[in-house]
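These are the residues of each chain, in order.
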Amino acid sequence: MYQVPDQRGKVAVVTGANSGTGKEAAKRLAGAGAHVVLAVRTPAKGEQARNEILAAHPGARVEVRRLDLASLSSVREFTDGLATEGKPLDLLLNNAGVMNVPRRTETDDGFELQLGSNFLGPFALTVQLLPLLLAAPAPRVATMSSGTANRARISFDDLQSTRAYSPTRAYAQSKLADLLMMIHLADLAAQHAWPLLSAGAHPGYTRTNLMTSGPTLNGGRPGRLESLLYKIVPSQGPEQGAEPLLYAATDPAATPGGYYGPRWSMVGPTKAAPLPRSARDKTAAARLWTVAERLTGVSIQTQRL
Ligand SMILES: NC(=O)c1ccc[n+]([C@@H]2O[C@H](COP(=O)([O-])OP(=O)(O)OC[C@H]3O[C@@H](n4cnc5c(N)ncnc54)[C@H](O)[C@@H]3O)[C@@H](O)[C@H]2O)c1
């Protein structure tokens, strides 16, 4: 089991912290002494997670705040709330995500739902939190991707899947976009000499709500083939699934632009997972960052850094 180093005195935001790997990461950070903000779409579910964390770690500092990554105004409300309080932010864990949404759906802002929730919302969140992150001595942004990013491509000519929608392709694209964001943020940190470390993770096949609330290999209800695959493909619990993300967020050996995977896939978490070839394309990373700035209206130039 990965031992999270002492986090006393640190403030952490974990998105999607009411379930799965997010709840586990929040629990482990709180157990290591961090003040953890559970950033959740449904506050009642966040309160339930908070109670569970407090039951495991009485006296832990855990608070619930509403954040809907599928809404830029909700992201703005969330970051404005933290900015008003002005506490430096040590850790941001971009964990939340939706997978294989069966039919093309749009966010409040007109983005394809998986791109919006998994990438554009987290992009706006990350950039808007930069002033608080850069006020901390050694801030980190850890971003959750997925093994599906390995076979993804960014369709710059149809980013929002308006011409053709495939649940799995749109999910994989959003997770590759997460990796490109992580890489470009690491490059920006180097360029600007920020002390910020940006690293990525993928959990490996993990038994969470993501796997049980509808998503399947074909984006519909699990068929016989999927049900069989779920039984035979090795999977793990959220306790293990959260570890690569926790490693990226807290381990002294994690490196800028590092990418960490599960132990059983023989690539980590103490060793970097191989970055998919498409995630090593720095031109694509810079291009996607510019597209995200245009789509969200959020950029580092408009932040007080
Ligand atoms: N479970 C796996 O096998 C697996 C594999 C690869 C990658 N992942 C990634 O791991 C991350 C965590 O997923 P999980 O497996 O714990 O599943 P999960 O469904 O338990 O957790 C996802 C969380 O994201 C939250 N979320 C979804 N949309 C949101 C929104 N618009 N605003 C705020 N929160 C939102 C959900 O409420 C939930 O708390 C995701 O990014 C997912 O893509 C999971």
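Scroll up for the structure.
Here's what I pulled together on the structure shown here. (Residues numbered from 1 in each chain as written. Predicted model: local features only at pLDDT ≥ 70, side-chain atom pairs only at ≥ 80, totals over all residues. Heavy atoms only, no water.)

## Regarding helix α1 (residues 20-31)
For an α-helix, 3.6 residues make a turn, and residues three or four places apart therefore share a direction.
Then, number 1: Its 12 residues give α1 an end-to-end C-alpha distance of 17 Å, which sits within 8% of 16 Å, the value for a rise of 1.5 Å per residue.
Then, number 2: Among the residues of α1, G20, T21, G22, E24, A25, A26, R28, L29 and A30 are the ones counted as buried. (Helix = DSSP H or I, 4+ residues; strand = E, 2+ residues; numbered from the N terminus. Expected span 1.5 Å × (residues − 1). Buried < 20%, exposed > 50% of the residue type's maximum accessible area, 1.4 Å probe, protein only.)

## Structural notes on the site of the ligand
Then, number 1: Around the ligand sit 27 residues, and of these N95, Y171, K175, T206 and T208 come closest.
Then, number 2: Separating an oxygen atom of the ligand from a side-chain N or O atom of Y171 is a distance of 2.6 Å.
Then, number 3: In the environment of the ligand, an oxygen atom lies 2.7 Å from a nitrogen or oxygen atom belonging to the backbone of T206.
Then, number 4: The protein chains hide 95% of the 810 Å² of surface that the ligand would expose on its own.
Then, number 5: Elements that contribute at least two residues to the shell around the ligand include exactly α1, α5 (167-192) and α6 (209-212). (Near = heavy atom within 4 Å. Polar contact = N/O pair within 3.5 Å; in protein donor to acceptor, adjacent residues only side chain to side chain. Areas by Shrake-Rupley, 256 points an atom, 1.4 Å probe, with all protein chains shown as cover.)

## Regarding the packing of aromatic side chains
Then, number 1: Counted by the stated rule, this structure contains four aromatic pairs.
Then, number 2: Above the plane of the ring of F156 lies R287, whose end atom (NZ or CZ) is 3.9 Å from the centre. (Phe/Tyr/Trp six-rings, centres within 6.5 Å; stacked < 30°, edge-to-face > 60°. Lys NZ or Arg CZ within 6 Å of the ring centre and 35° of its normal.)

## Re helix α4 (residues 113-133)
Then, number 1: The largest bend in α4 is about 30°, located at L120, with the proline P122 one to four residues further on.
Then, number 2: Most of α4 sits inside the fold, with 20 of its 21 residues counted as buried.
Then, number 3: The N-cap of α4, judged by a side-chain oxygen 2.9 Å from the amide nitrogen of Q114 a few residues on, is E112. (Bend = angle between axes of the 7 residues up to and from the residue.)

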